[in-house]
Amino acid sequence: MPKKRISFTKIYVFLLLTITVASGIAFRRDIPDCGIADLSNISDIRPDMVTLNYAWEYRDGMKEMSAESFGPADEGYGVGGSSVIAVVSPTGNICQSEGSIGQEFVIKEIIRGEKIASVGEAGYVFQHFGLHENDGKIEFMNTLNLMNTQNEYLIFMEKSPICQFTGESVYILNSEYFGYIRLWDGTTKTLDKDYKKYDFTELGDYEFFSASDQITEILNEIRTELLDKYYYN
């Protein structure tokens, strides 16, 4: 794909998510319930309340994936150009709006973006989807898990334009795959093929959801590569 098209696509996605977040914060529509509207912290999610909607897996007609499937390595797989790269501690507070979910964090260290963000700053970072009602049940729609309050994360994000209007600290996640990476010595394991049987409350140790050993290995390797490049280097 030509660079101009890639840049246009990134801009389009960023603007689309910004509009979605703005709508959610400004209007906070009534979300189809089943308990979603009552969730303000991940600790509010009860056992048997949320299941997975999707996990990485090979389906009929799907080509074999590689690291390059997630973007050019020399561009950091979509996060290398982030305006803000920081170490954050999640609080567990969430804000589910129509079409997006926000997670509250506190900035512990800034790797890039000292003029945009500050240590000690508390804010929300938003990404597409999140929790969704489906046939009377709540499903988690993303392959990137919510941040675990027991860990700190290296995060890649952009300041949202709506901050100048709301006065709130709001950011947009730069990648639905590698937007934040847990700072730990472990790696995420592969889920069983029947991943919809899992209870969401039992998946806190998973950074992402994959039912393919090969894709799990790729995602773990890219995470290690990004940590080495943007945090440990």
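Just so you know, these numbers come straight off a predicted model, no measurement behind them. (Residues numbered from 1 in each chain as written. Predicted model: local features only at pLDDT ≥ 70, side-chain atom pairs only at ≥ 80, totals over all residues. Heavy atoms only, no water.)

Asker: Explain unusual backbone geometry residue by residue, including any values.
Answerer: The phi angle at Asp48 is positive, at roughly 65 degrees, despite the residue not being glycine. Locating Asp48 in the fold gives a position in the loop between α1 (3-27) and β1 (50-52). Residues other than glycine seldom take positive phi values, yet Asp135 does so here, at roughly 55 degrees. For Asp135, the position within the fold is in the loop between β5 (131-134) and β6 (137-140). Classification of Asp135 by relative accessible area gives exposed; the value is 72%. (Helix = DSSP H or I, 4+ residues; strand = E, 2+ residues; numbered from the N terminus. Buried < 20%, exposed > 50% of the residue type's maximum accessible area, 1.4 Å probe, protein only.)

Asker: Hey, could you go over the pairing of strand β4 (residues 122-128) for me, with residue numbers and the actual values?
Answerer: Pairing of strand β3 (residues 100-112) with β4 involves seven bridges; the strand directions are antiparallel. Note on β4: the bridge partner recorded for Ile101 is Gln127. Here β4 runs beside strand β8 (residues 170-173); their pairing, made up of three bridges, is parallel. Its bridge partner lying in β8, Tyr124 is registered against Val170. (Pairing = 2+ DSSP bridges.)

Asker: Talk me through the side chain of Ser100; I want residue IDs and the actual numbers.
Answerer: Relative to the elements of secondary structure, Ser100 occurs in strand β3. At 2.8 Å, the side chain of Ser100 forms a polar contact with the side chain of Ser97. (Polar contact = N/O pair within 3.5 Å; in protein donor to acceptor, adjacent residues only side chain to side chain.)

Asker: An account of the nonpolar core is requested, with residue identities and associated values reported.
Answerer: Ranked by size, the top nonpolar core spans 21 residues in total, and within it Val50, Leu52, Leu131, Phe140, Leu191, Phe200 and Phe209 carry the most contacts. Of all elements in the fold, only β1 and β6 reach the threshold of two or more residues within this core. Contacts of Phe209, omitting those with residues within four sequence positions, involve Leu52, Tyr54, Ala55, Trp56, Phe140, Asn142, Thr143, Asn145, Leu191, Phe200 and Leu203. By size, the runner-up hydrophobic cluster in this structure holds 20 residues, among which are Tyr77, Val79, Ile181 and Phe208. (Core = buried A, V, L, I, M, F, W, Y, C linked by side-chain atoms within 4.5 Å. Contact = heavy atoms within 4.5 Å.)

Asker: Describe the packing of aromatic side chains, with residues and values.
Answerer: The relation between two aromatic rings is expressed through the spacing of the ring centres and the mutual angle of the planes. In the structure shown here, the tally under the stated rule is 15 aromatic pairs. Judged by centre distance (5.7 Å) and plane angle (85 degrees), the rings of Tyr153 and Tyr180 are edge-to-face. Remark: Tyr180 occurs in strand β9 (residues 180-182) and Tyr153 occurs in strand β7 (residues 153-159); sequence separation between them is 27 residues. Three or more aromatic residues joined by ring pairs form one cluster here, namely Tyr54, Trp56, Phe70, Tyr77, Tyr177 and Phe178. Cation over ring: Arg182 sits above Trp184, and NZ or CZ is 4.4 Å from the ring centre. (Phe/Tyr/Trp six-rings, centres within 6.5 Å; stacked < 30°, edge-to-face > 60°. Lys NZ or Arg CZ within 6 Å of the ring centre and 35° of its normal.)

Asker: I'd love a proper account of the sheet that holds β1, names of residues and values included.
Answerer: One open sheet holds the three strands; their spatial order is β1-β6-β5, and the pairing between them is mixed. Looking at which strands have only one partner, the edges of the open sheet turn out to be β1 and β5. Between one strand axis and the next, the sheet turns by 40 degrees as a mean value, whatever way the strands run. Where β5 and β6 come together, four bridges link them in antiparallel fashion. Bridge pairing links Glu133 to Ile138 in β6. (Axes fitted to C-alpha atoms, helices over the stretch in contact; angles between N-to-C directions.)

Asker: Provide a residue-level description of the pairing of β8, including the pertinent values.
Answerer: Neither face of β8 is left uncovered, since the one carrying Val170 and Ile172 and the one carrying Tyr171 and Leu173 both have all their residues buried. Looking at chain direction, β7 and β8 are connected through three bridges and run antiparallel. By the bridge assignment for β8, Glu158 is matched with Ile172.

Asker: Mind laying out the environment of Arg59, listing which residues take part and the relevant values?
Answerer: Relative to the helices and strands, Arg59 is located in the loop between β1 and β2 (84-97). Separated by 3.4 Å, the side chains of Arg59 and Tyr195 make a polar contact.

Asker: Summarise a negative patch on the surface; cite the residues concerned and give the values.
Answerer: Where like charges cluster on the molecular surface, the negative patch consists of Asp213, Glu217, Glu221, Glu225 and Asp228. Relative to the assigned elements, Asp213 resides in helix α3 (residues 213-232). For Asp213, a relative accessible area of 60% corresponds to the exposed category. (Patch = residues over 30% accessible without salt bridge, like charges linked within 9 Å, V, L, I, M, F, W, Y side chains within 5 Å. Areas by Shrake-Rupley, 256 points an atom, 1.4 Å probe, with all protein chains shown as cover. Salt bridge = Lys/Arg side-chain N within 4 Å of Asp/Glu carboxyl O. Lys, Arg positive; Asp, Glu negative; His and termini not counted. Charge placed at Lys NZ, Arg CZ, Asp CG, Glu CD.)

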